[in-house]
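Architecture at a glance
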Amino acid sequence: MAIPKIPTVDLTPFFIEGYEDEKRKVVDSINKACSEYGFFQIVNHGVPLDLTNQVMKLSKAFFESPTEAKLKCCPLPNALVPAGYNKKPNPSYEFNEYLIMLPPGSDFNICPENPPEFREVMEELFSQFLKIGMVVERVLSECLGLPPHVLKDFNDDRSWDFLIALFYLPATEKERIGASSHKDVSCFTIVLQDEVAGLEVQKDGKWILIAPQPGALLVNIGDALQVLTNDKFKSPTHRVMRPNGRSRNSFAFFYSLSGDKWVEPLPQFTKEIAEKPKYRPFLYKEYIQKRKENKSKHVTRLDDEITISHYAI
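Report on the accompanying structure. (Residues numbered from 1 in each chain as written. Predicted model: local features only at pLDDT ≥ 70, side-chain atom pairs only at ≥ 80, totals over all residues. Heavy atoms only, no water.)

What follows is about unusual backbone geometry. In the segment running from Asn114 into Pro115, the intervening peptide bond is cis, with an omega of 0 degrees. Of note, Pro115 is situated in the loop between strand S4 (96–101) and helix H4 (118–143). In this model, Tyr19 sits at a positive phi of 55 degrees, which is unusual for a non-glycine residue. Along the chain, the position of Tyr19 falls in the loop between strand S1 (8–10) and helix H1 (20–36). (Helix = DSSP H or I, 4+ residues; strand = E, 2+ residues; numbered from the N terminus.)

Take a look at the structure:
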């Protein structure tokens, strides 16, 4: 039996005028991928390969630097999103180190002094991911059959987007979990993997490895978009398994909502098609805070996490 493979789509038609037939094929492929997996890969997305190669090298150098150097980048107090260096060591239920960056210019961003170009390169990656995020948002809007600019107008505040650089040590005999099974809170997430495999998505009760593909970026649906579409697109459960014999680096860009945004199914998926809403309205930042508090309790099972099912009608 063949192992299911996450679809890869070429975004070239969305950077060229015309090519309507090719655009429709891309939309159809992504629509199918979102319905079946909640994940898809994109190539020819416009993010420079030189940049992604450089940021991988800088990330690896930072995470392999002495602990004292990394601790100088610990988050400032009172930040809703802990920008800076964070670590989830054993005996936590998952093991990874990560550095969070908020939009360039944020007073909460803390970057290492060495290597000196770290901040500049991370900010450039943030900007590039933001650009491709807007393209993905437009494509997803077409997949969903929404009128132009509905998602863009609803989600026009980009101040809550954030970028994470992630680092996983090699697996041990007793522990392989890098990031336990979870769903993302964002509208969608853009992921850059190095050549080391580890990311898996759950489908029909089985875990499917998403093998890294040179030059490709991954996109997965998040909780916010699941609610907005009234379950037309669903946020997939995924995890990271630590590799054997080597470390792993990746980046995740969370294309989010404003914290002050009330989230509920859009009328295009409820009133206009005579469907009942499956979720009651909630404030996005309150959901993030509940998830943060829940995580701090070291919840070990997905069933025990605060998820959007908390708001289901």
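Taking 1.5 Å of rise per residue, the 17 residues of H1 would be expected to cover 24 Å, and the 24 Å separating its terminal C-alpha atoms lies within 8% of that figure. Where H1 is concerned, the buried positions are Lys23, Val26, Val27, Ile30, Ala33 and Cys34. For H1, the angular spread of buried residues about the axis comes to 130 degrees, placing them on one side. Opposite its buried face, H1 presents the exposed residues Asp21, Lys25 and Ser35, each directed more than 90 degrees away. Where H1 ends, the next residue or the one after it, Gly38, has phi of about 80 degrees, a positive value. (Expected span 1.5 Å × (residues − 1). Buried < 20%, exposed > 50% of the residue type's maximum accessible area, 1.4 Å probe, protein only. Arc of directions from axis to C-beta.)

Strand order in the open sheet formed by 8 strands is S1-S2-S10-S7-S12-S5-S4-S3, and the pairing between neighbours is mixed. Two strands bound the open sheet, and with one partner strand each, they are S1 and strand S3 (84–88). In this sheet, neighbouring strand axes are inclined to one another by 25 degrees on average, regardless of whether the strands run parallel or antiparallel. Note: S4 against strand S5 (residues 162–168), 5 bridges, orientation antiparallel. (Pairing = 2+ DSSP bridges. Axes fitted to C-alpha atoms, helices over the stretch in contact; angles between N-to-C directions.)

Under the definition given, this model contains 1 cavity of 30 Å³ or more. There is about 50 Å³ of room inside the largest cavity. Lining the largest cavity are Glu137, Leu140, Leu151, Asn155, Cys187, Phe188, Leu225, Leu228 and Tyr255. Looking at the lining of the largest cavity residue by residue, the class counts come to 7 nonpolar, 1 polar and 1 charged. (1 Å grid on protein atoms, 1.4 Å probe; cavity = no way out; pocket = protein on both sides within 12 Å on 5 of 7 lines; lining within 4 Å. Points joined across faces, edges and corners; volume = space filled by probe spheres on them. Nonpolar A, V, L, I, M, F, W, Y, C, P; charged D, E, K, R; others polar.)

Another point: the packing of H1 against H4. Where H1 contacts H4, the axes come no closer than 9 Å and their chain directions differ by 80 degrees. Between H1 and H4, the crossing angle belongs to the class labelled roughly perpendicular. Between H1, through Arg24, Val27, Ile30, Asn31 and Cys34, and H4, the contact on the second element is made entirely by Val139, Leu140, Glu142 and Cys143. The residue makeup of the contact of H1 with H4, split by class, is 6 nonpolar, 1 polar and 2 charged. (Parallel < 35°, antiparallel > 145°, perpendicular 65-115°, else oblique. Contact = heavy atoms within 4.5 Å.)

Core analysis: the biggest nonpolar cluster contains 71 residues, and Ile30, Phe40, Phe129, Leu140 and Phe251 have the highest contact counts within it. In terms of residue count, H4 provides more of this core than any other element does, 13 residues in total. Not counting residues within four places of it along the chain, the set of residues in contact with Phe129 comprises Val47, Leu163, Ile190, Leu192, Leu217, Phe251 and Phe253. Among the nonpolar cores identified, the runner-up in size contains 22 residues, and Val81, Val191, Ile208 and Phe254 belong to it. (Core = buried A, V, L, I, M, F, W, Y, C linked by side-chain atoms within 4.5 Å.)

What follows covers the packing of aromatic side chains. For any pair of aromatic rings, the description rests on two quantities: the centre-to-centre distance and the angle between the ring planes. Taken as a whole and judged by the stated rule, the model has 12 aromatic pairs. Ring geometry for Phe62 versus Phe118: centroids 5.6 Å apart, planes at 50 degrees, classification tilted. Linking Phe62 in helix H2 (residues 49–63) with Phe118 in helix H4, this pair joins segments that are 56 residues apart in sequence. For Phe62, a relative accessible area of 2% translates into the label buried. (Phe/Tyr/Trp six-rings, centres within 6.5 Å; stacked < 30°, edge-to-face > 60°.)

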